[in-house]
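# Coordinate analysis (summary)
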Amino acid sequence: MTNASTNASTNTSTNATHPLTGLRAMAPHADPDWVDAFVVEQRLLGVPGERIGDALATIEAHLVATGQRVAEAFGPAKEYARELADSGPTRPRGLPTRVMVSSTAGLVGLVLLPRAVAALLNGEQVVVRVGDLVALGLLAVLLWGLFAFGTQVLRALFESRIRTVLTALVPVVLVAVMVGVFTLLRAPVVSLSAWLVAGLGLLATGAATWLSAREPIDLVESPDGRTLGRRSSARWTNIALFPALTALLCLVTWVVWATS
Amino acid sequence: MATDDAWPSDWLRGVLAVAVLAVLERGATHGYAIAAALSEAGLGTVKGGTLYPLLGRLETAGHLQAEWLPGEGGPGRKVYVLTAAGRRQLADQRDRWAEFTTLTTALISGSTTGVRP
């Protein structure tokens, strides 16, 4: 794919001249629901964004040339997505190891740093309680489940008729369980230096940020360089997510301390 | 020979790859033109859902290359070109297919036992 590869290599620099686009604009003659189902299935199968954009442009060109409806020409979206995925290279399915490590490190920083800030402000040590250890265990099980069965979890979520309810409900249930664990299991286990905890938290957040900065940005990209979302925004969101959340929690901790 | 009768999909599955290579031997062209040429040759309507995954497999195998030609206000059209490896594959498959059809025709028509000499 000589010229296509050349196009791809210049796409980053042409983002400024080629505006952002939406999935519907990538294949305006196709049924939007068909396009959504096709793209979700290709993503779940690990097809790179550049290939998805190429497929959408091919579908659009075919529909314009034939005047056919998308389901008539290409059949059911999911089946076509699977057939097409099998015809070319895909990424390994599931979450890459570097994403697992950076997410875990980011969460560790998110938990440790606000605790360290609270202890430092009060001039105390960080008291590790039974609830902390239980919450840590729950979090580890949850992360393992997500990493091991990430694709299946996402597929089940997308295919569920109540996905909006589930998406809203899962974080609420998770927070409620964690609050319950912290509140009910308060027996102290060990006390640690607040500076040590702060150091570990900074190290974890730093590692998460460093790994996220090296994460390749895989946007759905049309052969003419239009992308679904801005590459720079995606990169900065990746880099800033954990540091920003951690800083926000530290700020909340300080506000609570200052006003109490 | 043009026909409106659909050929059994099993038969088409076996011959479609070499037929696409044969169409591309005439010159670089885009997906819809390949489908039109196959239809014109009498193979019936080959839908996009069958054609493009096949083109993808042939591209992955190195038998053809694809490139986008610019269009007005969009990505344009994707054009497929036969590679040297594709030409070799076509030549090989063409000979073998001729032998295969001779054998099967003889077998089906009852003029042979189907055992190769």
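Residues numbered from 1 in each chain as written. Chains lettered and ligands numbered in written order. Predicted model: local features only at pLDDT ≥ 70, side-chain atom pairs only at ≥ 80, totals over all residues. Heavy atoms only, no water.

## Observations concerning the overall build of chain B
- Looking only at helices and strands, chain B features four helices and three strands.
- Tracing chain B from N to C terminus, the helices and strands come up as α-β-α-α-β-β-α.
- Put simply, of all contacts in chain B between residues at least 6 apart along the chain, 48% involve residues at least 24 apart.
- Accessible area of chain B: about 6900 Å², with a carbon and sulfur share of 55%. (Helix = DSSP H or I, 4+ residues; strand = E, 2+ residues; numbered from the N terminus. Contact = heavy atoms within 4.5 Å. Areas by Shrake-Rupley, 256 points an atom, 1.4 Å probe, with all protein chains shown as cover.)

## Some details on the pattern of salt bridges
Residues and elements named next belong to chain A.
- Applying the stated criterion across every chain yields a total of eleven salt bridges over all chains.
- Among the ionic pairs, arginine 98 bridges to glutamate 215, the shortest N-O distance being 3.0 Å. You can see arginine 98 sitting in helix H7 (residues 97-121) and its partner glutamate 215 sitting in the loop between helix H10 (194-213) and helix H11 (231-259), a full 117 residues away along the chain.
- Here arginine 98 falls in the partly exposed class, since its relative accessible area comes to 38%.
- Here glutamate 215 falls in the buried class, since its relative accessible area comes to 12%.
- A cluster of three or more residues bridged by salt bridges with shared partners is formed by Glu41, Arg82 and Arg155. (Salt bridge = Lys/Arg side-chain N within 4 Å of Asp/Glu carboxyl O. Buried < 20%, exposed > 50% of the residue type's maximum accessible area, 1.4 Å probe, protein only.)

## Remarks on the confidence of the model for chain B
All names here are of chain B.
- A residue-level look at chain B finds 87% of positions with pLDDT of 70 or above and a mean pLDDT of 88.
- Across chain B, the secondary-structure element scoring lowest on mean pLDDT is strand S3 (residues 74-82), at 84, and the one scoring highest is helix H3 (residues 48-60), at 94.
- Among the scores for the predicted complex, ipTM is 0.84 and pTM is 0.76. (pLDDT = per-residue confidence, 0-100.)

## Thoughts on the packing of helix H1 (residues 9-25) of chain B against helix H2 (residues 31-43) of chain B
Residue and element names in this part refer to chain B.
- The contact between H1 and H2 brings their axes to 10 Å, and the two run at 115°. At the point where H1 passes H2, the crossing takes the right-handed sense. Between H1 and H2, the residues in contact are Leu12, Leu16, Ala19, Val20, Val23 and Leu24 and Ile34, Ala37, Leu38 and Leu43, respectively.
- For the contact of H1 with H2, a count of residues per class yields ten nonpolar, no polar and no charged. (Axes fitted to C-alpha atoms, helices over the stretch in contact; angles between N-to-C directions. Left-handed = near helix turned anticlockwise from the far one by under 90°. Nonpolar A, V, L, I, M, F, W, Y, C, P; charged D, E, K, R; others polar.)

## Remarks on the interface of chain A and chain B
- Residue-level contacts link 25 residues of chain A with 19 residues of chain B.
- Taken together, the connections running from chain A to chain B amount to two salt bridges.
- Residue Arg57(B) pairs with Glu83(A) through a salt bridge whose shortest N-O separation is 3.9 Å.
- Along the contact surface separating chain A from chain B lie seven residue pairs in polar contact (both at pLDDT 80 or more).
- Where the side of chain A that touches chain B is concerned, the elements lending two or more residues are helix H1 (2-14), helix H4 (49-66), helix H5 (70-74) and helix H6 (77-86) of chain A.
- Among the elements that take part in the side of chain A that touches chain B, H4(A) stands out by supplying seven residues, more than any other. (Polar contact = N/O pair within 3.5 Å; in protein donor to acceptor, adjacent residues only side chain to side chain.)

## Overview of the side chain of Thr29(B)
- Inspection of the secondary structure puts Thr29(B) in strand S1 (residues 29-30).
- Setting aside chain neighbours within four positions, we find Thr29(B) in contact with Leu24(B), Ile34(B), Lys78(B), Val79(B) and Tyr80(B).

## Section: the environment of Val15(B)
Residues and elements named next belong to chain B.
- Along the chain, the position of valine 15 falls in helix H1.
- Here valine 15 falls in the buried class, since its relative accessible area comes to 14%.
- Residues valine 15 and leucine 43 lie 28 residues apart in sequence; the distance between their C-alpha atoms is 9.8 Å.

## Re the nonpolar core
- Judged by nonpolar contacts, the single largest core of 49 residues is most densely connected at Trp34(A), Phe38(A), Leu56(A), Phe74(A), Val20(B), Ile34(B) and Leu38(B).
- In terms of residue count, the dominant contributor to this core is H1(B) (nine residues).
- Setting aside chain neighbours within four positions, we find Ile34(B) in contact with Val20(B), Val23(B), Leu24(B), Thr29(B), Leu51(B), Leu55(B) and Tyr80(B).
- With eight residues, the next largest nonpolar core counts Leu113(A), Val126(A), Val197(A) and Ala198(A) among its residues. (Core = buried A, V, L, I, M, F, W, Y, C linked by side-chain atoms within 4.5 Å.)

## Here's the deal with H4(A)
- End to end, H4(A) covers 26 Å across 18 residues, agreeing with the expected 26 Å (1.5 Å per residue, within 8%).
- Downstream of H4(A) by one or two residues, Gly67(A) has phi in the positive range, about 75°. (Expected span 1.5 Å × (residues − 1).)

## Some words on the packing of aromatic side chains
All names here are of chain A.
- Within this structure, the stated rule accounts for nine aromatic pairs over all chains.
- For the ring pair tryptophan 34 and tyrosine 80, a centre distance of 6.3 Å and an interplane angle of 35° mean the geometry is tilted. Placement of the pair is tryptophan 34 in helix H3 (residues 32-44) and tyrosine 80 in helix H6, with a sequence separation of 46 residues.
- Judged by relative accessible area, which is 3%, tyrosine 80 ranks as buried.
- Here the aromatic rings of phenylalanine 74 and tyrosine 80 are separated by 4.9 Å at their centres, their planes lie at 55°, and the arrangement is tilted. (Phe/Tyr/Trp six-rings, centres within 6.5 Å; stacked < 30°, edge-to-face > 60°.)

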